[in-house]
Amino acid sequence: MNAPYLELHTGPGRGYPVFNVVARGDSVDVLKRYTDWYKVRTERGIEGWVAQRDMLSTVLADGSPFTFNLGDRAGFTSHRFEAGVFLYGDYGGASEISAFASYSLTSSLAIELTAGEFLGSASNGTLADIGLAHVFLPEKRFSPFVMLGTGIVHTEPKAQLVQPSDRTDQSAFAGGGFRFYLTRRFFVRGEYRNHIVFTKRNQNEQVDEWKFGFAFFF
Amino acid sequence: MEIRLRVLLLIAAASLTGCASVRHLLGHHGASAEPVADSRPAAQAPADGETLPSDQPPGADTSQNGDESAPRVIEPQVERRKIKVPRIRSQNIELGGYYGTLNIEDFGAHPVYGVQLGYHITEDIFFQAEAGRSKGGFTSFEKLSNVKLLTEGERWFKYYDLSVGYNLFPGEIFLGRNLAMRSTFFVLAGLGATQFGGDQKFTVNFGAGYKVLPADWIAVHVAVEDRVFDTDLLGVSKLASNLEAHLGATVFFGF
């Protein structure tokens, strides 16, 4: 303990009352973490919750400061994995829910996998894509990107009179979007993709896809 | 005699050039060269920073290199105390199940059960995914006319959703004098899909609930949620509102 004192709360939240304090020079054992709160046990065996910002004023037994990697802008610029969900989605007029995961080869180049389900008045379906994304200005809070890829789309048309059969087609897409860093490990992401579905009919189909959602990196 | 002299000269020459086996033979121990070779790595080691004793500056030992024959009194064997910080386990993931009643519009109220997976970002905000199922009954029309609108398989009501939740009023409940449990009222809203009546529908869900934590790692909750989607199952297009009330139990864990 390096700060004048450490406040122990009864629960992991700002409103929970302080019921005990740890004096400077005493030590605590960190038991676990829940969001921004750490459960600690004092030398006298009292357990309580300490806020993250208070924990950062403590030191380890060898004198080095207590740190915890919560994610920051540097991590946003350069990271290995990211994943997220698109809560808003529009696939050719149908509502879409989708999720993505990506693996960064460099800070500006990533391989991305996307899976989604679209539900519309004319048809329902699922789609899965794999693509490459190039991020411009990865060091900025707002970083745009372009992407290129391929995938499959399974469509189940809805028709009241004549029931057309379900179909699975290959597709290719090109698109672009942006990432905007929020805090810690979180960012928002919006994107547009133009799909060309290689149908078995005479004409290929073009589908516009718009998505917006939350993501995190790790 | 001449041969003996040649052998002696050969031995003398060999010992001067440093043939180790011959030097041993003649009682040399090589005291002049080897301590220098020994002391150098010991003196340089602090430059790596690993074995540097905290009370000894890096340059303090170098004077010994000059005095090559001086015996080493203190071997710097002091190692910095290394602390291995154990990983702090988080408890941000919440996994569990629930059981309750779902009122499927026009098809009656029936038992519903499901699983839920949540992730708590801050003390206030969490993400939650739910997947559940129930089975609808018969509409009034079906009961009166004995005409079946749906097959048995189409009466299954299966849904999933992704929601964002907010812990609205965190607090504690007190059971007697000595027992306090954390509790919170929460609201959530999200999007998902519902499969019912041979069709899959884009669904909006929203609800509220109350959660009590008997321990840090376990929670029980009651919640009421509405699942709304557009339907034309009964001939006219309308917004179907399917109210669900359930009791659930979850455990918190993390990595």
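The structure displayed is predicted, hence computed values, not measured ones.

What is the right way to read the overall build of chain A from this model?
Each helix and strand in chain A was counted, giving 2 helices and 13 strands. Its C-alpha atoms give chain A a radius of gyration of 25 Å, more than 25% over the compact-globule value 17 Å for 218 residues. Projected onto its principal axes, the C-alpha coordinates of chain A cover approximately 80 × 40 × 20 Å. Taking all 218 residues of chain A together, 31% fall into the buried category.

Would you mind showing me how to read the domain arrangement of chain A here?
Interface size is often expressed as the accessible area that is lost when the parts come together. Each assigned domain of chain A is listed here: domain 1 (5–55) and domain 2 (74–217). Taken over C-alpha atoms, the centre of domain 1 of chain A sits 43 Å from the centre of domain 2 of chain A.

In this structure, what is going on with the interface of chain A and chain B? I would like to understand it.
Counting residues at the interface gives 23 residues for chain A, matched by 24 residues for chain B. Looking at the side of chain A that touches chain B, the elements that each hand over two or more residues are strand E3 (28–34), strand E4 (37–42), strand E6 (81–91), strand E7 (94–104) and strand E8 (109–119) of chain A. Considering every element that reaches the side of chain A that touches chain B, the biggest residue donor is E3(A), with 4 residues.

What exactly am I supposed to notice about the nonpolar core here?
Across soluble globular proteins, you tend to see nonpolar side chains buried next to one another. In this structure, A:Leu119, B:Phe157 and B:Ala193 are the most contacted members of the largest nonpolar core, which totals 18 residues. Those elements that provide at least two residues to this core are E7 and E8 of chain A together with strand E1 (93–104), strand E4 (156–167) and strand E6 (179–196) of chain B. Here A:Leu119 is in contact with A:Ala94, A:Ser95, A:Asn124, B:Ala193, B:Gln200, B:Lys201 and B:Phe202, once residues within four sequence places are set aside.

When you look at the sheet that holds E8(A) in this model, what are you seeing that I'm missing?
Think of a sheet as strands paired side by side through backbone hydrogen bonds, with each pair either parallel or antiparallel. Read around the barrel, 8 strands follow the order E6-E7-E8-E9-E10-E11-E12-E13 (chain A) and close on themselves; strand pairing throughout is antiparallel. With direction set aside, neighbouring strand axes in the sheet form an average angle of 25 degrees.

Here is what the cut-offs are and how they apply
Residues numbered from 1 in each chain as written. Chains lettered and ligands numbered in written order. Predicted model: local features only at pLDDT ≥ 70, side-chain atom pairs only at ≥ 80, totals over all residues. Helix = DSSP H or I, 4+ residues; strand = E, 2+ residues; numbered from the N terminus. Rg over C-alpha atoms; globule rule 2.2 N^0.38 Å. Buried ≥ 20, exposed ≤ 12 C-beta atoms within 10 Å, placed from the backbone. Domains from an automatic or database assignment. Contact = placed C-beta atoms within 7 Å. Core = buried A, V, L, I, M, F, W, Y, C linked by C-beta atoms within 7 Å. Pairing = 2+ DSSP bridges. Axes fitted to C-alpha atoms, helices over the stretch in contact; angles between N-to-C directions.

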